[in-house]
Amino acid sequence: MGRVQLFEISLSHGRVVYSPGEPLAGTVRVRLGAPLPFRAIRVTCTGSCGVSNKANDTAWVVEEGYFNSSLSLADKATAPTSFEGPFGKIVHQVRATIHTPRFSKDHKCSLVFYILSPLNLNSIPDIEGSSLPTPAKPLPGPPPKQPNVASATKKFSYKLVKTGSVVLTASTDLRGYVVGQALQLHADIENQSGKDTSPVVASLLQKVSYKAKRWIHDVRTIAEVEGAGVKAWRRAQWHEQILVPALPQSALPGCSLIHIDYYLQVSLKAPEATVTLPVFIGNIAVNHAPLSPRPGLGLPPGAPPLVVPSAPPQEEAEAAAGGLQFLDPVFLSTKSHSQQQPLLATLSSVPGAPEPCPQDGSPASHPLHPPLCISTGATVPYFAEGSRGPMPTTSTLILPPEYSSWGYPYGESRARAWQGGDARSPMQTLLSSRRGPTVL
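Residues numbered from 1 in each chain as written. Predicted model: local features only at pLDDT ≥ 70, side-chain atom pairs only at ≥ 80, totals over all residues. Heavy atoms only, no water.

Before going further, it helps to examine the overall build of the protein chain. Assigned secondary structure in the protein chain consists of three helices and 22 strands. Residues counted as buried form 46% of the 440 residues belonging to the protein chain. At a minimum sequence separation of 6, the contacts of the protein chain that also span at least 24 residues come to 70%. Accessible surface, the protein chain as shown: approximately 22,200 Å² in total, 55% of it carbon and sulfur. (Helix = DSSP H or I, 4+ residues; strand = E, 2+ residues; numbered from the N terminus. Buried < 20%, exposed > 50% of the residue type's maximum accessible area, 1.4 Å probe, protein only. Contact = heavy atoms within 4.5 Å. Areas by Shrake-Rupley, 256 points an atom, 1.4 Å probe, with all protein chains shown as cover.)

Here it is in structure tokens:
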């Protein structure tokens, strides 16, 4: 063995998660097997972000630093939340160096810790809904709000000579959610044709963008739920919910190289129709009552009613002969849900995970400290310091659920990359690359 038998850093009370403004306290242990001449032992605190063009490659092509100073986060209030992804990471660590005399090798060690800068959803503009257009005669009080809503109309042909259309409208009760909160989904589908539609599918998507030489977009399906199709000449409504799992927060304020977005995508495969709703994942919940459409309505308040185009005479005769009432909505059943069992079991088994939320989608009545999730993929094992064996930390570090055992999406994940020459819009890129990274 060499002169330095032990050189390690440990933080007080085994902590691994800190907030901006908190001091770092810990111990540097050195054990020598023989006398070692040295000039100084220096301890610094560093934070940086690195991005690579290849997955799981630490040869960064672009880097940015946030701080490199003493053991205090008081002057680092703008440091971004820790994050780890396949194409880049935000790392904060404590480094110790034993500076030896000239021509001798310096001894170094480091310890990674995590910063959680809570994202308050109430600070995001229009998080409760966007303002509706001001009427000619404004009503007293604040302008009314509408929920997160989007609509799409798809015209198509069937049976060679017949035409029809489908109107797909989807909305959520809020625009922002915290871990453990239920996202309430409402979909309204009008099948203005004589052909049944395919099942309706809702997916919670995560899009992580890495700024290397080109933007790299990694899109993953976090959760998916499938409902039944809509019969010919019928209008149907679908009500479902998705429990928000442990996920990194949106945006990562303070970092210019990595950006995280979340979307709820509702789609039909036949005929092909898709609507996409942006949502935010944060640490502090929206403190106002959720905004949701009135029961039985698929459009926001104040929006004009849907105009039902007249069908060709032959199709009208078919609808009348079948005795169908087009304007009477039916409620679709759910065929499958990726979160029925695994997600609830995973959340309840993670130390420090929040309690399950009420069915109305509101956060738990006694919320814990804002959880930290730094990874987008499989669970990363973080343990307390020491040589007594791996022991889970007691901090509020929440790791993401392990999706690899699910049938979708990771069970059939196939990485696909497109490089250069793509003139599609960012939204088109999102919709066409749901299961793999995209290089633009």
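On inspection of all chains with the given rule, the structure shows three aromatic pairs. Taking the centre distance of 6.0 Å and the plane angle of 85° together, the rings of Tyr18 and Phe113 count as edge-to-face. Of this pair, Tyr18 sits in strand β2 (residues 17-18) while Phe113 sits in strand β8 (residues 107-115); the two residues are 95 residues apart in sequence, bridging distant segments of the chain. Just as Tyr18 is buried, Phe113 falls in that class too. (Phe/Tyr/Trp six-rings, centres within 6.5 Å; stacked < 30°, edge-to-face > 60°.)

It is worth spelling out the sheet that holds strand β14 (residues 182-192) at this point. Strand pairing in a sheet relies on backbone hydrogen bonds, with the paired strands running either antiparallel or parallel. With mixed pairing, the five strands of this open sheet are ordered in space as β11-β12-β14-β17-β20. Of all the strands in the sheet, just β11 (148-158) and β20 (329-331) have a single pairing partner and so form its edges. On average, each strand axis in the sheet is tilted by 20° relative to the strand beside it, whichever way the strands run. In this sheet, strand β17 (residues 235-243) lies alongside β14 in antiparallel orientation, the contact comprising nine bridges. When the sheet's bridge partners are listed, Leu185 is paired in β17 with Glu240. (Pairing = 2+ DSSP bridges. Axes fitted to C-alpha atoms, helices over the stretch in contact; angles between N-to-C directions.)

Membership of the largest hydrophobic core comes to 49 residues, with the highest contact counts inside it found for Phe83, Leu185, Ile189, Tyr210, Trp238, Ile258 and Val266. Tallying contributions element by element places strand β18 (residues 258-268) first for this core, with six residues. Membership of the second largest hydrophobic core comes to 16 residues, among which are Tyr18, Cys45, Leu111 and Ile115. (Core = buried A, V, L, I, M, F, W, Y, C linked by side-chain atoms within 4.5 Å.)

Applying the stated criterion across every chain, the model contains seven salt bridges. Of the charged contacts in the structure, one is a salt bridge between Asp196 and Lys231, with a shortest N-O distance of 3.8 Å. With Asp196 in the loop between β14 and β15 (200-211) and Lys231 in the loop between β16 (215-227) and β17, this residue pair connects regions lying 35 residues apart in the sequence. Exposure remark for Lys231: the relative accessible area of 56% places this residue in the exposed category. Between Asp218 and Arg220 there is a salt bridge, with the nearest N and O atoms lying 3.2 Å from each other. For the pair formed by Asp218 and Arg220, the shared burial category is buried. Several salt bridges share partner residues, and in doing so they unite Asp188, Glu190 and Arg235 into one network. (Salt bridge = Lys/Arg side-chain N within 4 Å of Asp/Glu carboxyl O.)

Turning our attention to the environment of Ser123. With respect to the helices, strands and loops of the structure, Ser123 is situated in the loop between β8 and β9 (130-131). Judged by its relative accessible area of 53%, Ser123 falls in the exposed class. C-alpha of Ser123 to C-alpha of Ile284: the two residues are 161 residues apart in sequence and 9.7 Å apart in space. In this structure the side chain of Ser123 is engaged in a polar contact, spanning 2.6 Å, whose partner is the backbone oxygen of Asn120. (Polar contact = N/O pair within 3.5 Å; in protein donor to acceptor, adjacent residues only side chain to side chain.)

In short, the description is geometric, and any link to function would need to be established separately.
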